[in-house]
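# Observations on chain architecture
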Amino acid sequence: MITIVPQPPTFCASLPLHCASSKNRRSNREKLRKQKLFSENRKTAFSSYPESTPTPLFIHHKPLSQTKLQALHAVIKDLEISIQNGITIEVEIFASLLETCFQLRAIDLGIKLHRLIPRDLLRKNVGVSSKLLRLYASFGLVDDAHELFDQMPKRNKFAFPWNSLISGYSELGQYEDAIALYFQMEEEGIEPDQFTYPRVLKACARMGSIRVGEAVHRDAVRFGFGYDMFVHNALVDMYAKCGDIVKARRVFDKIACKDLISWNSILTGYIRHGLLVEALDIFRGMIRNGLQPDSVALSAVLAKAQLRIGVQIHGWVVRHGVEWNLSVSNSLITVYSNNGKLDQARWLFNHMPERDVVCWNTIISAHCNDPKVLKYFEQMERDDVLPESVTFVSLLSACAHQGLVNDGERLFSIMREKYGIRPIVEHYACMANLYGRAGLINKAYAMIIDKMEFVAGPTVWGALLYACYLHENVEIGEIAAHKLFELEPDYEHNFELMIKIYRKAGRFKDVETVEKMMVDRGLELYTTSTS
């Protein structure tokens, strides 16, 4: 696969032309005149660029004064002029430019190029239509991609267009469509290749459909891809995400030449299943086998690591010079803050050579119970870093835990008015918690009823119920509890909180009623106190 796309100006300097032969001299002279005009246009537009060999794709090239996108735009504009002048363009030119659009992620230019490609060429040439299909699918324009797919007369010759469309559906979260397309391949007799299975298995993993995944696994073995490393890596990821970590490990052990993706897949699988001991064993195995864990592996382990392990990993990343990788630094800050080591977390943050919004979110979240949290937000604003939705979730949560009602209201206001961030359910849950913990139960309830743009979910009602428990508010507690009984009928904690509210109020008949509801629903009664 070509990893570097051509410099369009150099490419254009050797643009091959195809003109149909003519029987009379006048026609020949006219075509020669157009070719000369086209050549002069090229020389004028690109006279500063070096000449090159006549090939549609380049891997090695000298740096030019134009950016790649500017150069690509110039080539397509020049191509448009040439077509208007009646010059027929070689098929390879369209295919190469579509590849360039894909590599440069230039969908707008790709759409413009699509308009220049003759319709009969798209219908006849499966290579050009496949590249265009891939471009549309990679940008989530699956309707346009599927329209091209339906018009392809020879789509049953090879798997490339099928793979592109499967990938497009999967990236959009339309996993059922992606899997259905795979089985359509089977029905139409198209033989999958080594790139088909990772795409389909990814869809299976996202859906959590292990039975379909197992069927795809059997197909991969049947078609001779049972030992392909890319297929094996996808299988490890699929089985781990579908809950069968034992089978994931079994596939992992069969991989003869494991790469970083192989190790990361099983490592994150163990982390996802809460098997930290096994994850650390894999982590050490990576190092023993001469692989340097990347930010994915390091962040995955640090996310669940205890302080002792976190400190050891911190030492390793310092020795290997990767401590300032943003993902690794953020994970280390989280480890230290979660274990009450705010000084170490602050030191890391203050010494980071660069910070993105995730870094600020991490340090703000680390100070959830510390008054310095607002200082960090002020510093974030001074550094012209735009906060995002997650930033305000952390800030509002900190205000709730610290009883900073006025600051919480101010932050909620500037989130909407200054930064144009529309509140989501987590923001309202934080506000309900903010008011509730401060004893402003009626204000929290009024916000839920009168000010929320959407129906409150269990997170919001749960925050209100807990506030009612803290402040012994039976009336609004009953409203919140009954909402939760409908939204989360099997969650014992809600019933237990309401029992405690009734018990504190001396309403023992109501206690018996809620306990009977729990028994009828097959829920277990707990007697531990809620803090």
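Each residue is numbered by its place in its chain's sequence as written, counting from 1. In view of the model being predicted, local features appear only for residues whose pLDDT reaches at least 70, and side-chain atom pairs are presented and counted only at 80 or more, with totals across whole chains, interfaces and linings using the full set of residues. For side-chain calculations, the full set of non-hydrogen atoms in the structure is used, while hydrogens and water are omitted.

## What about the overall build of the chain?
The number of helices and strands found in the chain is 30 helices and 2 strands. Residues counted as buried form 46% of the 531 residues belonging to the chain. Residues count as neighbours in contact if any of their non-hydrogen atoms are within 4.5 Å of one another. Within the chain, residue pairs in contact and separated by at least 24 positions form 63% of the contacts whose partners lie at least 6 positions apart. What sets the accessible areas is the Shrake-Rupley method with a 1.4 Å probe; for residues, cover comes only from the shown protein chains. Accessible area of the chain: about 27,300 Å², with a carbon and sulfur share of 51%. Numbering of helices and strands runs from the N terminus; a helix is a DSSP stretch of H or I covering at least four residues, while a strand is a stretch of E covering at least two. In this scheme, a residue with accessible area under 20% of its type's maximum is buried, one over 50% is exposed, and one in between is partly exposed, where area comes from a 1.4 Å probe on protein chains only.

## Regarding unusual backbone geometry
Residues other than glycine seldom take positive phi values, yet arginine 105 does so here, at roughly 55°. With a phi angle near 60°, aspartate 384 is a residue other than glycine that sits in the positive phi range.

## Digging into the packing of aromatic side chains
To pair, rings of Phe, Tyr and Trp, with the six-membered ring standing in for Trp, must have centres within 6.5 Å; the planes then decide the type, stacked if under 30 degrees apart, edge-to-face if over 60, and tilted in the middle. Tallied over the full model, the rule gives 16 aromatic pairs. Taken together, a centroid distance of 6.4 Å and an interplanar angle of 70° make the contact between phenylalanine 283 and tryptophan 316 edge-to-face. Highlighted residues: phenylalanine 283 in helix α16 (residues 276-288) and tryptophan 316 in helix α18 (residues 307-319), separated in sequence by 33 residues. What makes phenylalanine 283 buried here is its relative accessible area of 7%. Judged by relative accessible area, tryptophan 316 falls into the buried class, the value being 9%. Ring centres of phenylalanine 349 and tyrosine 376 lie 5.7 Å apart, and the angle between their planes is 85°; on these two criteria the pair is classed as edge-to-face. Separated by 27 residues along the polypeptide, phenylalanine 349 in helix α20 (residues 342-351) and tyrosine 376 in helix α22 (residues 373-382) bring together distant segments of the chain. For the pair formed by phenylalanine 349 and tyrosine 376, the shared burial category is buried. Three or more aromatic residues joined by ring pairs form one cluster here, namely Tyr182, Phe183, Tyr197 and Phe225.

## Here we look at the pattern of salt bridges
Any carboxyl oxygen of Asp or Glu within 4 Å of a side-chain nitrogen of Lys or Arg constitutes a salt bridge here. Here the structure, examined in full by the defined rule, presents 19 salt bridges. Of the charged contacts, one joins arginine 507 and aspartate 510 as a salt bridge, the two residues approaching to 2.8 Å between their closest N and O atoms. The class for aspartate 510 is partly exposed, based on a relative accessible area of 25%.

## Side note on the UniProt feature "repeat: PPR" (unreviewed entry) in the chain
UniProt positions are given in the numbering used here, feature names are shortened, and annotations may be inferred rather than shown by experiment. Per the UniProt entry, the sites bearing "repeat: PPR" (unreviewed entry) are residues 158-192, 259-293, 325-359 and 388-418 in this numbering. Across residues 158-192, helical content stands at 71% and strand content at 0%; the span's end C-alpha atoms are separated by 8 Å.

## Quick word on the layout of surface pockets
Throughout, the protein atoms alone are placed on a 1 Å grid, and a set of points is a cavity if a 1.4 Å probe fits but cannot get out or a pocket if it is open with protein on both sides within 12 Å along at least five of seven lines; lining residues have an atom within 4 Å of a point. Grid points are joined across faces, edges and corners, and a volume is the space filled by probe spheres set on the points. Its volume calculated, the largest pocket comes out at about 960 Å³. Only α4 (91-103), α7 (126-138), α9 (160-171), α11 (196-207), α13 (229-241) and α15 (260-272) provide two or more residues apiece to the lining of the largest pocket. Top contributing element to the lining of the largest pocket by residue count: α9, with 7 residues.

## Here's the deal with α16
Over its 13 residues, α16 runs 18 Å from end to end, which matches the ideal 18 Å to within 8%, given 1.5 Å per residue. All buried positions along α16 are accounted for by Ala279, Leu280, Ile282, Phe283, Gly285 and Met286. Glycine 290 lies just past α16 and shows a positive phi near 80°. Multiplying one less than the number of residues by 1.5 Å gives the expected span of a helix.

## Some thoughts on the state of the cysteines
When two cysteine sulfur atoms lie within 2.5 Å, the pair is treated as a disulfide. According to the stated counting rule, one finds 0 disulfides in the structure shown. With no disulfide of its own, cysteine 430 lies closest to cysteine 368 among cysteine sulfurs, the gap being 8.6 Å.

## What to know about the nonpolar core
In terms of nonpolar packing, the biggest core is built from 160 residues, with Leu113, Phe392, Leu411, Ile448 and Leu464 touching the most fellow members. Apart from residues lying up to four places away in sequence, phenylalanine 392 is in contact with Phe377, Pro387, Leu411, Ile414, Met415, Tyr419, Ile421 and His427. Side-chain atoms within 4.5 Å link the members of a nonpolar core, which is a set of buried Ala, Val, Leu, Ile, Met, Phe, Trp, Tyr and Cys residues.

## A look at α15
Compared with the 18 Å implied by 1.5 Å per residue over 13 residues, the 18 Å span of α15 between its first and last C-alpha is a close match. When we look at burial in α15, the residues that qualify are Ser262, Trp263, Asn264, Ser265, Ile266, Leu267, Gly269, Tyr270 and Ile271. Structurally, α15 contributes buried residues whose contacts are with α13, α14 (245-254), α16 and α17 (295-304). At the exit of α15 stands glycine 274, carrying a positive phi of roughly 75°.

## Details of the side chain of histidine 367
Note on placement: histidine 367 falls in the loop between α21 (357-366) and α22. What qualifies as a polar contact is a pair of N or O atoms within 3.5 Å, subject to a donor-acceptor requirement within protein and to the restriction that residues adjacent in sequence count only when both atoms come from side chains. One polar contact links the side chain of histidine 367 to the main-chain carbonyl oxygen of isoleucine 363, over a distance of 2.8 Å. Residues in contact with histidine 367, not counting those within four places in the same chain, are Leu342, Arg346, Lys372, Val373, Tyr376, Ala398 and Gln402.

## Examining the packing of α20 against α21
Only the stretch in contact is used when fitting a helix axis, every axis being a line fitted to C-alpha atoms; angles between N-to-C directions are given from 0 to 180 degrees. Running from N to C, α20 and α21 cross one another at 160°; their axes reach a closest spacing of 11 Å. Accordingly, the angle class assigned to the pair α20 and α21 is roughly antiparallel. Here the hand of the crossing between α20 and α21 comes out left-handed. Contact with α20, carried on its side by Leu342, Ala345, Arg346 and Phe349, involves Cys359, Trp360, Ile363 and Ala366 of α21 and no other residues of that element. The residue makeup of the contact of α20 with α21, split by class, is 7 nonpolar, no polar and 1 charged. Here is the rule for angles: anything less than 35 degrees is roughly parallel, anything more than 145 is roughly antiparallel, 65 through 115 is roughly perpendicular, and the remaining ranges are oblique. Each helix crossing is assigned a hand: it is left-handed if the near helix lies turned anticlockwise from the far helix by less than a right angle, otherwise right-handed if that turn is clockwise. For this classification, Asp, Glu, Lys and Arg are treated as charged, while Ala, Val, Leu, Ile, Met, Phe, Trp, Tyr, Cys and Pro are nonpolar and the rest, including Gly, are polar.

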